[in-house]
Structures are given as structure tokens and as C-alpha cells.
Amino acid sequence: MPVFMNDEAFIKKGYQISTDKSLLDFDTIFNYLDQQSYWAKGMPPGKLKRAIAHSLCFGVYKDGIQAGFARVVTDEATFAYLCDVFVLPAYQGVGLSKWLMQTIMAHPGLQGLRRWSLATQDAHGLYKQFGFTEINNPERWMQIFTPYIAE
């Protein structure tokens with residue numbers, strides 16, 4: 001992995017990354033995804049709660065306050081889909097997104113996977129630093145896309 005962020009430097013500044021779901025500030029996560037993201041606008045709160053419950057989640061915190069988030073949908077054996085990645089605007093510009101990605105990619109349950117995937121409109125540069133590339137043979141991939149409908 002070409003990017004190496006110093007965990008201790010962030011910890012000394014009061015930052016933490018945790019997979020403990022009890023630390024997640026659901027309202028902060030929901031408000032960002034629903035109001036500021038381009039990919040999850042209109043996601044009903046109940047749907048996000050189910051998604052969090054069935055995903056490996058990474059919370060980024062500054063002095064115990066939610067500063068960022070990422071979710072990995074995975075079987076922890078062959079496949080992982082990285083989604084809902086964000087750092088709140090007030091915490092951007094200090095390398096948290098790189099530290100978050102480094103932490104996700106190093107997670108013990110995510111080692112040795114055959115395939116990772118993600119979708120991004122504007123963060124290609126970040127993800128390329130961690131080995132992501134455009135999909136080979138995109139003609140082999142298919143999808144069903146259903147926009148969110150309010151519950």
C-alpha cells in the first residue's frame with residue numbers, strides 16, 4: 001500500500017477510528033448521507049439502520065464526536081463493497097480520508113479478498129492510492145438500480 005498515515009499522529013490529536021457500532025452517531029451519519037451526499041439522498045432512516053446493522057462500519061471520531069464514516073458490505077472471505085465513505089467538511093484537509101482508507105484496507109476481516117468494488121463520482125484519486133482501478137471488462141457487470149422511495 002503506497003500511502004502510510006501515522007496512526008499515532010492522529011490519536012495524539014484526539015482522533016479515533018473504530019468499528020464499534022455503539023459509538024456511531026446515527027443522526028450525524030443520516031443527515032450527511034441524506035442532505036449532503038450525492039449518492040444517498042432520500043435514503044429512508046430505517047433503510048440506513050438496516051444497512052449499518054448488516055455491514056462492517058468504520059466511524060471516525062474527533063474527541064468522541066463523529067467526524068467521518070465508511071461502510072463495507074462483505075462476506076469477509078471473497079468480496080467487499082465499500083460505500084457511504086465521507087469525512088464531514090469541518091474535519092477535511094488533514095488526511096482523515098487516507099487514514100480511514102488505510103484502516104479499512106488493513107482490517108483483519110478484509111484480508112485476502114478476491115474482489116473489492118466501489119462507486120465514486122469524484123474521489124478516484126483517493127481510491128487509486130489504495131489499489132482501486134476502473135473495472136476490467138465492465139460489459140460483464142450488471143446491475144438493478146432502484147431509487148429510494150420514502151418509507
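Residues numbered from 1 in each chain as written. Predicted model: local features only at pLDDT ≥ 70, side-chain atom pairs only at ≥ 80, totals over all residues. Heavy atoms only, no water.

Caption draft 1: Seen up close, the nonpolar core. With 41 residues, the main nonpolar core has Phe58, Leu82, Met101 and Ile104 as its most contacted residues. Among the secondary structure elements, those contributing two or more residues to this core are strand E1 (15-18), helix H2 (26-35), helix H3 (45-53), strand E2 (56-62), strand E3 (65-74), strand E4 (79-87), helix H4 (96-106) and helix H5 (124-128). When residues of this core are assigned to their parent elements, the largest contribution, six residues, is made by H4. Not counting the four nearest positions on each side in its chain, Leu82 is found in contact with Ala70, Arg71, Val72, Met101, Ile104, Ser117, Leu118, Tyr127 and Phe132. (Core = buried A, V, L, I, M, F, W, Y, C linked by side-chain atoms within 4.5 Å. Buried < 20%, exposed > 50% of the residue type's maximum accessible area, 1.4 Å probe, protein only. Helix = DSSP H or I, 4+ residues; strand = E, 2+ residues; numbered from the N terminus. Contact = heavy atoms within 4.5 Å.)

Caption draft 2: Molecular detail of the sheet that holds E3. The five strands are arranged E1-E2-E3-E4-E5 in an open sheet whose pairing can be described as mixed. One side of each edge strand has no neighbouring strand; the edge strands of this open sheet are E1 and strand E5 (115-118). Pairwise comparison of adjacent strand axes, ignoring direction, gives a mean angle of 20° for this sheet. Across four bridges, E4 lies against E5 in parallel orientation. If you follow Phe79 over to E5, its bridge partner there is Arg115. Running over the sheet, H2 touches E3 and E4 and is turned about 90° from E4. Packed onto the sheet, H4 meets E1, E2, E3, E4 and E5 and runs at close to 35° relative to E1. (Pairing = 2+ DSSP bridges. Axes fitted to C-alpha atoms, helices over the stretch in contact; angles between N-to-C directions.)

Caption draft 3: Focus on the packing of aromatic side chains. Tallied over the entire structure, the rule returns nine aromatic pairs. A ring pair is formed by Phe10 and Trp99, whose centres lie 4.5 Å apart and whose planes are at 10°; its orientation type is stacked. Taken together, the residues span a long stretch of sequence, with Phe10 in helix H1 (residues 7-12) and Trp99 in helix H4 at a distance of 89 residues. Plain terms: the ring middles of Trp116 and Phe132 are 6.2 Å apart, the flat faces sit at 80° to each other, and that makes the pair edge-to-face. In this pair, Trp116 is assigned in strand E5 and Phe132 in the segment after H5, connecting sequence segments 16 residues apart. The rings of Tyr32, Tyr38, Trp39, Phe69 and Phe86 are connected pair by pair, giving a single aromatic cluster. In this structure, Lys49 is placed above the aromatic ring of Phe26, and the distance from its NZ or CZ to the ring centre is 5.1 Å. The ring of Tyr15 carries the charged tip of Lys62 above its face, separated from the ring centre by 5.0 Å. (Phe/Tyr/Trp six-rings, centres within 6.5 Å; stacked < 30°, edge-to-face > 60°. Lys NZ or Arg CZ within 6 Å of the ring centre and 35° of its normal.)

Limitation: the analysis is restricted to geometry and does not speak to function.
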